[in-house]
Amino acid sequence: MRIRPCPRCGAIAEHLAYHNRYTLKSGQMATVIRCKQRMGTFCDRYGAAFYDLKTPEEKVDCACASE
Ligand SMILES: [Zn+2]
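Attention here is on the structure that accompanies the text. Every value quoted in this text rests on a predicted model; they were computed, and no experiment measured them. Per chain, the residues get numbers from 1 upward, laid out in the order the sequence is written. With the structure being a predicted model, the display of local features is reserved for residues of pLDDT at least 70 and the display and counting of side-chain atom pairs for 80 or more, all residues being used for whole-chain, interface and lining totals.

With respect to the overall build of the protein
Part 1 of the reasoning: Secondary structure is summarised from DSSP: a helix means a run of H or I of at least four residues, a strand means a run of E of at least two, and numbering begins at the N terminus for each. The secondary structure content of the protein amounts to 2 helices and 3 strands.
Part 2 of the reasoning: Along the chain direction, N to C, the helices and strands of the protein fall in the order β-β-β-α-α.
Part 3 of the reasoning: Around each residue's C-beta, the other C-beta atoms within 10 Å are counted; 20 or more make the residue buried, 12 or fewer make it exposed, and counts in between make it partly exposed. All C-beta atoms are placed from the backbone. By the burial criterion, 13% of the 67 residues in the protein qualify as buried.
Part 4 of the reasoning: Counting contacts in the protein only where the partners sit at least 6 residues apart, residues at least 24 apart contribute 27% of the total. A residue pair is marked as a contact if its C-beta atoms, positioned from the backbone, fall within 7 Å.

Written out as structure tokens, the structure is:
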């Protein structure tokens, strides 16, 4: 699994840990990554189509926080 750097603080993979898996309404899978540096979580979506949408990270974070 590919992990990109934290969108908030730029922490690299060694400061990140797998947290959960998340299914978007569209049926796409996203992985929730926990940032050890800021003790927060963010979604790492897979699928090139999704990246192209350039959804603001804050929006994605809100989706995850609703769990
Ligand atoms: Zn971070």
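What follows continues from the structure just given.
What about the environment of Tyr-18?
Part 1 of the reasoning: As for its position among the elements, Tyr-18 is in strand β1 (residues 16–23).
Part 2 of the reasoning: Residue class for Tyr-18 comes out exposed when judged on the 12 C-beta atoms lying within 10 Å of it.
Part 3 of the reasoning: Once the C-alpha coordinates of Tyr-18 and Ile-3 are considered, the two residues, 15 residues apart in sequence, prove to be 9.2 Å apart.
Part 4 of the reasoning: Setting aside anything within four residues of it in sequence, one finds Tyr-18 in contact with Thr-31 and Ile-33.

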